[in-house]
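As a plain string of letters, each chain reads:
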Amino acid sequence: QVQLVESGGGLVQPGGSLRLSCAASGTIFSIGTMGWYRQAPENERELVATITSGGSTNNADSVKGRFTISRDNAKNTVYLQMNSLKPEDTAVYYCNARGVRSRVVPYGTLEVWGQGTLVTVSS
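So, here is what we can say about the structure in this document. Just so you know, these numbers come straight off a predicted model, no measurement behind them. (Residues numbered from 1 in each chain as written. Predicted model: local features only at pLDDT ≥ 70, side-chain atom pairs only at ≥ 80, totals over all residues. Heavy atoms only, no water.)

**Some details on the overall build of the chain**
Working step 1: The number of helices and strands found in the chain is zero helices and 11 strands.
Working step 2: Of the regular secondary structure in the chain, the N- to C-terminal order runs β-β-β-β-β-β-β-β-β-β-β.
Working step 3: Relative to the globule expectation of 14 Å for 123 residues, the C-alpha radius of gyration of the chain, 14 Å, shows essentially globular dimensions.
Working step 4: Principal-axis analysis of the C-alpha atoms places the extent of the chain at approximately 50 × 25 × 25 Å.
Working step 5: For the chain, buried positions account for 41% of its 123 residues. (Helix = DSSP H or I, 4+ residues; strand = E, 2+ residues; numbered from the N terminus. Rg over C-alpha atoms; globule rule 2.2 N^0.38 Å. Buried < 20%, exposed > 50% of the residue type's maximum accessible area, 1.4 Å probe, protein only.)

**Quick word on the sheet that holds strand β7 (residues 67-72)**
Paired through their backbone hydrogen bonds, the strands of a sheet run either parallel or antiparallel.
Working step 1: Strand order in the open sheet made by the four strands is β1-β3-β8-β7, with antiparallel pairing throughout. Two strands lie at the open edges of the sheet, namely β1 (3-7) and β7, each paired on one side alone. When strand polarity is set aside, the average angle formed by the axes of neighbouring strands in this sheet is 15°.
Working step 2: Strand direction decides the pairing type here: β7 and strand β8 (residues 77-82), joined by six bridges, are antiparallel. The partner of Ser70 across the bridge, within β8, is Tyr79. (Pairing = 2+ DSSP bridges. Axes fitted to C-alpha atoms, helices over the stretch in contact; angles between N-to-C directions.)

**Notes on the state of the cysteines**
Working step 1: With the rule as written, the count across this model stands at one disulfide.
Working step 2: Cys22 shares a disulfide with Cys95; S-S distance 2.1 Å. As the torsion about the S-S bond is roughly -85°, the Cys22-Cys95 disulfide counts as left-handed. Of the two residues, Cys22 sits in strand β3 (residues 18-25) while Cys95 sits in strand β9 (residues 91-102), which places them 73 residues apart along the sequence.
Working step 3: Under the relative-accessibility criterion, Cys22 is labelled buried at 0%.
Working step 4: Owing to a relative accessible area of 0%, Cys95 belongs among the buried residues under this scheme. (Disulfide = S-S within 2.5 Å.)

**Some thoughts on the packing of aromatic side chains**
Working step 1: Tallied over the entire structure, the rule returns one aromatic pair.
Working step 2: Note that Arg19 overlies the ring of Tyr79, its terminal NZ or CZ placed 4.3 Å from the centroid.
Working step 3: Lying over the aromatic face of Tyr94, Arg45 brings its terminal NZ or CZ to 5.7 Å of the ring centre. (Phe/Tyr/Trp six-rings, centres within 6.5 Å; stacked < 30°, edge-to-face > 60°. Lys NZ or Arg CZ within 6 Å of the ring centre and 35° of its normal.)

**Concerning the pattern of salt bridges**
Working step 1: The final tally for this structure, using the stated rule, is four salt bridges.
Working step 2: In this structure, Glu46 engages Arg38 in a salt bridge whose closest nitrogen and oxygen atoms are separated by 2.8 Å.
Working step 3: Arg38 gets classed as buried once you look at its relative accessible area, which sits at 6%.
Working step 4: Here Arg66 and Asp89 are joined by a salt bridge, their closest N and O atoms 2.7 Å apart. Residue Arg66 is located in the loop between β6 (57-59) and β7, and its partner Asp89 is located in the loop between β8 and β9; the two are separated by 23 residues in the primary sequence. Side by side, Arg66 and Asp89 carry an identical accessibility label, which is buried.
Working step 5: If you follow the salt bridges from partner to partner, you end up with Arg38, Glu46, Arg66 and Asp89 in one network. (Salt bridge = Lys/Arg side-chain N within 4 Å of Asp/Glu carboxyl O.)

Structure (structure tokens):
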């Protein structure tokens, strides 16, 4: 079994910063792409940022210049540094991992989602 556990969410004032972490656990050989998605009230889940095992990143236009995604392959952990936070960033942030190679599926890959962590930006 493979699990993703997010941490770092909370309440922050507009203009503030937070850093989210997501650690994958289980017997994992490699993870192709890790990323962050978010879902605000009454909105559909949307992509925030992704990063490949090689370090290539993709960021949503709404967070470019403010958020930075990174990962530590040795720790199977992905991070999201969020700066200059705005009220519209308020959402549940979900960690995602796809292209996961594990002993659970020796001839294929897994896609795994975390449970989500709430980020609230408010004064």
